Amino acid sequence: MARVYNFSAGPATLPEAVLEQVREELLDYRGSGMSVMEMSHRDRAFTAIAEQAEADLRALLGVPSRYRVLFMQGGATAQFSLVPMQLARGRTRADYVLTGSWSRKAAREAARYLDVHIAAEGEHAVPPRAQWRLSADAAYVHYTPNETIDGVEFHWLPDVGDLPLVADFSSSFLSRPIDVSRFGLIYAGAQKNAGPAGVTIVLVDGELLDEPHAALPSVFNYRSVADHASMLNTPPCFAWYVCGLVFRWLLEQGGLAEMAGRNRRKANLLYHYLDGQDFYHCPVAPADRSWMNVVFRLPEPALDAAFLQGATAAGLDGLQGHRLVGGMRASLYNAFPEAGVHLLIDYLREFARRA
Ligand SMILES: *Cc1c(COP(=O)(O)O)cnc(C)c1O
């Protein structure tokens, strides 16, 4: 068996210890005589998995008790619609801060339900808070803490006064500690940094759940989902279970402060190399570079194919940038080992020397 260094942006690399535990428990989950895949979600063995996952997630992030924790389906993309449908609460406008491809998509989808006001916009950079023009009557302010495609990350938490702050944390969820109490709602598709595809995690302030849109499907109603412990209908059981194993692994590693240290160190290694040479180019403003998704370009797109072919041969997989922006992207999520960053830097150096 030969595992590659997987730089994919998502679905992405998982901790090897978690995959091994999944393998060990695959045919007979802890004496139940069946796989978690085969188990009723009403079975006590599964409800225990679900409860433990929520408890561990709350412990990792220090989630205040007034927040509901939801395990939903539909991906972050479904949340682009669900947020405006449920958080408008009689208001007609919401503010969006645009820093890349995913925040633009979120704003475009919300515009089907609300008057979307672009409060600030940045290209390869985060717009400073002083430049944001917030609407006094906004239902909420939405931003994307980490732009997975563009490699732009907020390294600060915006202060929006009394307006509920909504964040699409899909690609930086659990990568460092955050103060959940500063947010109205946080959502994250699991497949970047928290687990396998199929489950989307939502943390929402219970006080925001009063007046959902009348046409909202009940399987997507945050309050109903919360009141049914995310089992209003059949949940994505297996993905939820694997997320729970990842949460447990994170606790054992020392929690999110430890992950933040590792993630900063891995990203800095790579940015330090990129800044010290002039063959490759990183388009993102230095203060706003993502720890999770390091975006860089070769001097000519014509070199991309040879670069990727050589990388694959060296056991470095998934470096191709998103089709919208081209170039390269090295995703360095929690489970990505530092040894893989050193190997990538060796390869970058060698390719530049030969080109
Ligand atoms: C991947 C991603 C999405 C889309 O997630 P889906 O689960 O495919 O809907 C949205 N926002 C961000 C920041 C992402 O990284």
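Worth saying up front: this structure is predicted, and the values here are computed from it rather than measured. (Residues numbered from 1 in each chain as written. Predicted model: local features only at pLDDT ≥ 70, side-chain atom pairs only at ≥ 80, totals over all residues. Heavy atoms only, no water.)

Draft legend 1. Molecular detail of the sheet that holds strand β10 (residues 200-205). Strands sit in the order β2-β10-β9-β8-β5-β3-β4 across an open sheet of 7 strands; the sheet is mixed. Edge strands, defined here as strands with exactly one partner in the open sheet, are β2 (67-72) and β4 (115-121). On average, each strand axis in the sheet is inclined to that of its neighbour by 20°, with strand direction left out of account. The pairing of strand β8 (residues 165-168) with strand β9 (residues 185-189) spans 3 bridges and is classified as parallel. (Pairing = 2+ DSSP bridges. Helix = DSSP H or I, 4+ residues; strand = E, 2+ residues; numbered from the N terminus. Axes fitted to C-alpha atoms, helices over the stretch in contact; angles between N-to-C directions.)

Draft legend 2. The site of the ligand, seen in detail. Contacts to the ligand come from 13 residues, most closely from Thr 77, Thr 148, Asp 168, Gln 191 and Lys 192. Within the backbone of Ala 76, a nitrogen or oxygen atom sits 3.2 Å from an oxygen atom of the ligand. In this structure, an oxygen atom belonging to the ligand sits 2.5 Å away from a side-chain N or O atom of Thr 77. For the ligand, whose free accessible area comes to 390 Å², the fraction covered by protein is 87%. Of the residues forming the shell around the ligand, the biggest block, 4 residues, is contributed by helix α3 (residues 75-87). Residues belonging to the shell around the ligand are distributed by class as follows: 3 nonpolar, 8 polar and 2 charged. (Near = heavy atom within 4 Å. Polar contact = N/O pair within 3.5 Å; in protein donor to acceptor, adjacent residues only side chain to side chain. Areas by Shrake-Rupley, 256 points an atom, 1.4 Å probe, with all protein chains shown as cover. Nonpolar A, V, L, I, M, F, W, Y, C, P; charged D, E, K, R; others polar.)

Draft legend 3. View of the packing of helix α1 (residues 16-25) against helix α6 (residues 237-253). The interhelical angle for the contact between α1 and α6, taken along N-to-C directions, is 130°, at an axis separation of 10 Å. Overall, the two elements α1 and α6 adopt an arrangement that is oblique. Where α1 crosses over α6, the handedness of that crossing is right-handed. Across the interface between the two elements, Ala 17, Val 18, Gln 21, Val 22 and Glu 25 from α1 touch Phe 238, Tyr 241, Val 242, Leu 245, Val 246 and Trp 249 from α6. Among the residues forming the contact of α1 with α6, the class breakdown is 9 nonpolar, 1 polar and 1 charged. (Parallel < 35°, antiparallel > 145°, perpendicular 65-115°, else oblique. Left-handed = near helix turned anticlockwise from the far one by under 90°. Contact = heavy atoms within 4.5 Å.)

From the geometry alone we can't say anything about function, so treat these as descriptive.
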